[in-house]
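Observations on the model geometry
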Amino acid sequence: MSRFLSNVKDLDAFMKAIKECKEDVFLRKNDGTEQFNLKSTLSEYIGIEKLCDEHGSDYEIFCNSAADESKLLKFFYEREH
């Protein structure tokens, strides 16, 4: 889902989509050196800062559940079209 992260313009809608997920959702640096659970309030703030940073494209989103991943893919797809 990393290609979609550059399309996140509405952070409120993005975070609402994450909150609707049943299990954990992670923002992970592509090289695996950093990982933030976006369902945790503290990690959420750090993760959003990372996405807004000039290196936001170095991160990807992954979910613990296929159903949650489908929800987020739908969220991103709807914003592309």
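Everything discussed here concerns the structure shown above.
Bear in mind the structure is a predicted one, so any value in this text is a computation, not a measurement. (Residues numbered from 1 in each chain as written. Predicted model: local features only at pLDDT ≥ 70, side-chain atom pairs only at ≥ 80, totals over all residues. Heavy atoms only, no water.)

Below, the discussion takes up the overall build of the protein. When helices and strands are tallied, the protein shows 4 helices and 3 strands. If you list the helices and strands of the protein from N to C, you get α-α-β-β-α-β-α. With respect to the principal axes defined by its C-alpha atoms, the protein has extents near 25 × 25 × 20 Å. Considering the protein as a whole, with its 81 residues, one finds that 38% of them fall into the buried category. A separation threshold of at least 6 residues defines the contact pool for the protein, and within that pool the share at least 24 residues apart is 61%. Accessible surface computed for the protein: about 5,000 Å², of which carbon and sulfur atoms make up 47%. (Helix = DSSP H or I, 4+ residues; strand = E, 2+ residues; numbered from the N terminus. Buried < 20%, exposed > 50% of the residue type's maximum accessible area, 1.4 Å probe, protein only. Contact = heavy atoms within 4.5 Å. Areas by Shrake-Rupley, 256 points an atom, 1.4 Å probe, with all protein chains shown as cover.)

Glancing now at the environment of Cys-21. Along the polypeptide, Cys-21 turns up in the loop between α2 (11-19) and β1 (25-29). Sequence separation between Cys-21 and Asn-64 is 43 residues, and the spatial gap between their C-alpha atoms is 9.7 Å.

We now examine the nonpolar core. Among the nonpolar cores identified, the biggest contains 19 residues, and Phe-14, Ile-18, Val-25, Leu-27, Ile-61 and Leu-72 are the most heavily contacted of them. At the level of secondary structure, the elements contributing two or more residues to this core comprise α2, β1, α3 (41-52), β3 (59-63) and α4 (66-80). The dominant element in this core, judged by the number of residues it contributes, is α2, at 5 residues. (Core = buried A, V, L, I, M, F, W, Y, C linked by side-chain atoms within 4.5 Å.)

Here we take up the pairing of β3. Summarising burial for β3: 4 of the 5 residues are buried, a large majority. Here β1 pairs with β3 via 5 bridges, running antiparallel. Looking at the pairing, Leu-27 lines up with Ile-61 of β3. (Pairing = 2+ DSSP bridges.)

All right, on to the packing of aromatic side chains then. Across all of its chains, the model carries 4 aromatic pairs by this definition. Measuring from centroid to centroid gives 6.1 Å for Phe-14 and Phe-75, while their planes differ by 40°, and the two rings are tilted. Residue Phe-14 is located in helix α2, and its partner Phe-75 is located in helix α4; the two are separated by 61 residues in the primary sequence. Using a relative accessible area of 0% as the deciding quantity, one classes Phe-14 as buried. The interplanar angle of 20° and the centroid separation of 5.0 Å between the aromatic rings of Phe-26 and Phe-62 together place this pair among those described as stacked. (Phe/Tyr/Trp six-rings, centres within 6.5 Å; stacked < 30°, edge-to-face > 60°.)

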